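So you can see what is in the structure, the chains are spelled out below.
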Amino acid sequence: MHDQKSNLRLLAAVLLMFITIASFTMMAVAGRYVSNELDTFEIMMYRSLIGFLLLLIFSAVTKRLHAIHLGYLRDHFFRNIFHFSAQNLWFYAITVIPLVQVFALEFTVPIWILIFSPFFLGEVFTRPRAIAAFMGFIGILVITRPDSETLNSGTIAAGLAALGFAGSIMITKGLTSRQNTLSILFIMTAMQLVFGIICAGYDFEIAGLNKTNFIWVITIGVAGLLAHLCLTTALSLAPTTVVSPIDFLRLPVIAVVGYLLFGETVDQYLIYGIILICVGNYVNVLAESSTKKHAP
């Protein structure tokens, strides 16, 4: 019976990861298409509005409005500054460079967390973490090849977005020990809706929605929430050593989608860089899992 439950949990985690990959892919494709009519601030504003309304409806229907607590707003403010900035840079990057390159640089988020966590979270910088960080850094250099010909605004934006996501995750790690997930998501969508209105409306011109971009904006809003919900749930059902390799499938999937929809090609340097980053991340995942198993 125990083995059967474990197998069902693993199967559920695998299915959720495939939904996660599909959701992230749809969000990138929708962002690319809608960027012709909306700027990144407008995209973020509408995405946050959709997320806010969905969470409000969900909380009301499930009678969980009382579970939303509006505390630790200072921490939430800095977390959402990081996340809002990073997401804007991410939406800009997907319009400038190949989608697979954006996703590859996004996979450096765990590497940046490894590097900065000893300073901000007090975590120990172990040898496996050092190896993972080194491989990830070399992978970044291979992908971006920082010179006057290959380094552009898109790769810089994607790299900075990864840093922003890392900062957001580190602050979130502290918040999860004090607040529930619903409160964190509710405050996130509310704050980022305000940020979006301010940034999109600074010139008193906010593009409206029509039949075409409305569909893409809805896709971005729903896919964004669904991706993070499924990923979080999958991690709660199965070990990271199972979830992470499946998550890496995002890269070949987005490479194929980019080729079919936008004629994007993948060069050998991008492949080498992706391999280095993924192997570096997985080295750390295996080390962390081993440490937890042997912990008293």
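Details of the structure are given in the entry above.
Residues numbered from 1 in each chain as written. Predicted model: local features only at pLDDT ≥ 70, side-chain atom pairs only at ≥ 80, totals over all residues. Heavy atoms only, no water.

### Things to note about the pattern of salt bridges
We count it as follows: A pair is scored as a salt bridge if a Lys or Arg side-chain nitrogen falls within 4 Å of a carboxyl oxygen belonging to Asp or Glu. Comment: elements are numbered from the N terminus, with helices defined as DSSP H or I runs of at least four residues and strands as E runs of at least two. To sort residues, take the accessible area from a 1.4 Å probe on protein chains only and compare it with the maximum for the residue type: under 20% means buried, over 50% means exposed, and anything in between is partly exposed.
Summed over all chains, the structure comprises four salt bridges. Ionic pairing is found between Glu106 and Arg250, a salt bridge with its closest N-O pair at 3.9 Å. Separated by 144 residues along the polypeptide, Glu106 in helix 4 (residues 99-106) and Arg250 in helix 11 (residues 250-262) bring together distant segments of the chain. Taken as a pair, Glu106 and Arg250 share a single burial class, namely buried. Residue Asp247 is joined to Arg250 by a salt bridge in which the shortest nitrogen-to-oxygen separation is 2.9 Å.

### Here's the deal with a nonpolar patch on the surface
Condition: Patch criteria: residues need more than 30% relative accessible area and no salt bridge. Like-charged residues are merged within 9 Å; nonpolar side chains of Val, Leu, Ile, Met, Phe, Trp and Tyr are merged within 5 Å. Areas reported here follow the Shrake-Rupley algorithm with a probe of radius 1.4 Å; residue values treat only the protein chains shown as occluding.
Taken together, the side chains of Leu8, Leu11, Leu15, Phe18, Leu249 and Val253 make up a nonpolar region of the molecular surface, amounting to roughly 540 Å² of accessible area. Counting through the fold element by element, Leu11 comes out in helix 1 (residues 2-34).

### As for the packing of aromatic side chains
Stated formally: Centres within 6.5 Å are what make two rings of Phe, Tyr or Trp a pair, Trp counting through its six-membered ring; a difference in plane orientation under 30 degrees is then read as stacked, over 60 as edge-to-face, and the rest as tilted.
Enumeration according to the criterion identifies 11 aromatic pairs in this entry. On the numbers, 5.6 Å between centres and 70° between planes, the contact of Phe84 with Phe195 is edge-to-face. Note that Phe84 is positioned in helix 3 (residues 73-93) and Phe195 in helix 8 (residues 181-200), a separation of 111 residues in sequence. Residue Phe195 is classed as buried on the basis of its relative accessible area of 12%. Measuring from ring centre to ring centre gives 6.1 Å for Trp90 and Phe103, while their planes differ by 40°; the resulting arrangement is tilted.

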